[in-house]
Amino acid sequence: MLQEFKVRNYKNFRDELVFSLVTSKNYEFNKNLVKDGIIKDCLIVGENASGKTNLGYAIFDVIRHLTDKARPAAILYSNLYNADETVEFEYTFLFGKYELKYRYGKKDALSLVWEQIFVNGKKILENSPVEAKTALKGSENLDLGKWDRSISLVKYIYANTVLDKEDDICKVFYEFMEFVNHMLWFSSTEGNWYMGFSNIGGNLFEAIARTEGAVEKLQLFLQNLGISYQLLAKDNGEGKNVYCRMGEKEVQLSSLISSGTRSLVFFFFWYIQMEKCSFIYVDEFDAFYHTDLAKEVVKRILEIPDTQAVITSHNTDLMSNDLLRPDCIFKLEDNRIRPFSELTDKVLREAHNLQKMYKAGAFND
């Protein structure tokens, strides 16, 4: 699981921002949101332009140079007010009893300058302009003469070396790469856009129609949320698509639905795959949702047992101990992100109305 993330000089984060998912709180409710002292599921709130979307972009920068599942690079990368061109990232993961820390710096989205990996405090990989070395067992005979330095050394080793799979450090390295390869970011506010996890392309409705059993699951999913359609997968001569039966007529679902339902269909497409994800960042998922619908969607995300989830929203109705808990709701403001539990001296209990307290300014620091 991701334990902590740090970023400096990225977009609106001029100074170092620390997003720690470690908690020592022992709330007796919603215990499933925390695993081994690490927050598994959380909500991030913040004003417009506070950086909720940029935080997601920053966390998912790692997929750009370690996987082949990236999207087009951002035009603006480093903070415009900072003379330093290097953007620095640091990820700390916990895999069993092993803590893996991955650090790197970039000049822009595509230009990696340096990178390091530490396992339980011991450096096992170093890649800098002056040297490249690794202590991973099985990489001793790796021919770095064939290595294109524009490619991450981490990615190069993963793709071109058979490491010692009996060695604990190598096992942790593989766990780290598997985690990164199964990270997913998506948002409905930017044209149903996603990055990570998959390189699936094409039309969303066509992809659902091609997936075995997905149309039936979509019909049930919408029905459980109060939206009733009779759906079927149909080949129109140009490939399969999702159709809706309306009396004697069959019409493509995409031509009937509102922006809110379209957003739900997009969510559903990723929802049926979330159990395979290691980490998801769902940005402004409820931009087109009614409050009750937003709560139902959050409940579904929280029920996924082994996927770490971060959700961002403007909806204060989600600030509820019925859904979450005070150490799992974060406020992002002025280049700092901290949970509600650290923003007040009051001892927060299950009966507290977090939404009312937020609106009253109880969590203003």
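A.B. asks: Pulling in residues and values, what's your account of the sheet that holds strand 17 (residues 308–312)?
C.D. replies: Pairing in this open sheet of seven strands is mixed, and the strands run 12-11-16-17-5-18-19 from one edge to the other. The sheet is open, and its two borders are formed by strand 12 (193–196) and strand 19 (336–339), each paired with just one other strand. Averaged over all neighbouring strand pairs, the angle between strand axes comes to 15°, with direction disregarded. Bridge count for strand 18 (residues 329–333) against strand 19 is four bridges, and the pairing is antiparallel. Within the sheet, the bridge partner assigned to Phe330 lies in strand 19 and is Pro339. With respect to the sheet, helix 7 (residues 259–271) is in contact with strand 11 (183–187) and strand 12, its orientation differing from that of strand 11 by roughly 175°.

A.B. asks: Outline the packing of helix 3 (residues 153–160) against helix 4 (residues 168–181), supporting the account with residue identities and numerical values.
C.D. replies: Two elements in contact, helix 3 and helix 4, have axes whose closest approach is 11 Å; the angle formed by their N-to-C orientations is 105°. With respect to their mutual orientation, helix 3 and helix 4 come out roughly perpendicular. Residue-level contacts link Val154, Ile157 and Tyr158 of helix 3 to Phe173, Tyr174, Phe176, Met177, Glu178 and Asn181 of helix 4. Taken together, the residues of the contact of helix 3 with helix 4 sort by class into seven nonpolar, one polar and one charged.

A.B. asks: I'd love a proper account of the pattern of salt bridges, names of residues and values included.
C.D. replies: Summed over the entire model, instances satisfying the criterion amount to 20 salt bridges. Residue Glu90 is joined to Lys101 by a salt bridge in which the shortest nitrogen-to-oxygen separation is 3.6 Å. Within this pair, whereas Glu90 is found in strand 6 (residues 87–95), its partner Lys101 is found in strand 7 (residues 98–108), the two being separated by eleven residues in sequence. Under the relative-accessibility criterion, Glu90 is labelled buried at 13%. Salt bridges linked by common partners bring Glu4, Lys6, Glu90, Lys101 and Arg103 together as one network.

A.B. asks: A description of helix 8 (residues 291–302) should follow, citing residues and the corresponding values.
C.D. replies: The terminal C-alpha atoms of helix 8 lie 17 Å apart, and with twelve residues this matches the ideal 16 Å at 1.5 Å per residue to within 8%. Looking only at helix 8, the buried set comprises Leu293, Ala294, Val297, Val298, Arg300, Ile301 and Leu302. At its buried positions, helix 8 is contacted by strand 5 (41–45), helix 6 (214–224), helix 7, strand 16 (279–283) and strand 17.

A.B. asks: Could you give me a rundown of the nonpolar core, with the residues and numbers involved?
C.D. replies: Core analysis: the biggest nonpolar cluster contains 124 residues, and Phe19 and Phe176 have the highest contact counts within it. Ranked by residue count, the leading element in this core is helix 4, at eight residues. Excluding its chain neighbours within four sequence positions, the residues that come into contact with Phe176 are Leu66, Phe93, Phe95, Leu100, Tyr102, Ile117 and Val154.

A.B. asks: Any chance you could break down the environment of Arg338 for me, citing the residues and the numbers?
C.D. replies: Relative to the elements of secondary structure, Arg338 occurs in strand 19. Sequence separation between Arg338 and Leu21 is 317 residues, and the spatial gap between their C-alpha atoms is 9.5 Å. Each residue touching Arg338, except ones within four places of it in the same chain, is listed here: Ile329, Phe330, Lys331, Leu343 and Asp365.

A.B. asks: Quick one: what's the story with the packing of aromatic side chains, residue by residue and with numbers?
C.D. replies: Taken as a whole and judged by the stated rule, the model has 35 aromatic pairs. Between the NZ or CZ atom of Lys234 and the centre of the ring of Tyr243, over which it lies, the distance is 5.1 Å.

A.B. asks: Talk me through the environment of Phe89; I want residue IDs and the actual numbers.
C.D. replies: Examined against the element boundaries, Phe89 turns out to sit in strand 6. The class of Phe89 is buried, set by a relative accessible area of 2%. As for Phe89 and Glu16, which are separated by 73 residues in sequence, their C-alpha atoms are 9.3 Å apart. Discounting chain neighbours no more than four positions away, the residues touching Phe89 are Phe5, Lys6, Val7, Tyr10, Ala58, Asp61, Tyr77, Tyr102, Arg103 and Tyr104.

About the criteria used
Residues numbered from 1 in each chain as written. Predicted model: local features only at pLDDT ≥ 70, side-chain atom pairs only at ≥ 80, totals over all residues. Heavy atoms only, no water. Pairing = 2+ DSSP bridges. Helix = DSSP H or I, 4+ residues; strand = E, 2+ residues; numbered from the N terminus. Axes fitted to C-alpha atoms, helices over the stretch in contact; angles between N-to-C directions. Contact = heavy atoms within 4.5 Å. Parallel < 35°, antiparallel > 145°, perpendicular 65-115°, else oblique. Nonpolar A, V, L, I, M, F, W, Y, C, P; charged D, E, K, R; others polar. Salt bridge = Lys/Arg side-chain N within 4 Å of Asp/Glu carboxyl O. Buried < 20%, exposed > 50% of the residue type's maximum accessible area, 1.4 Å probe, protein only. Expected span 1.5 Å × (residues − 1). Core = buried A, V, L, I, M, F, W, Y, C linked by side-chain atoms within 4.5 Å. Phe/Tyr/Trp six-rings, centres within 6.5 Å; stacked < 30°, edge-to-face > 60°. Lys NZ or Arg CZ within 6 Å of the ring centre and 35° of its normal.

Don't take any of this as a statement about function, it's just geometry.
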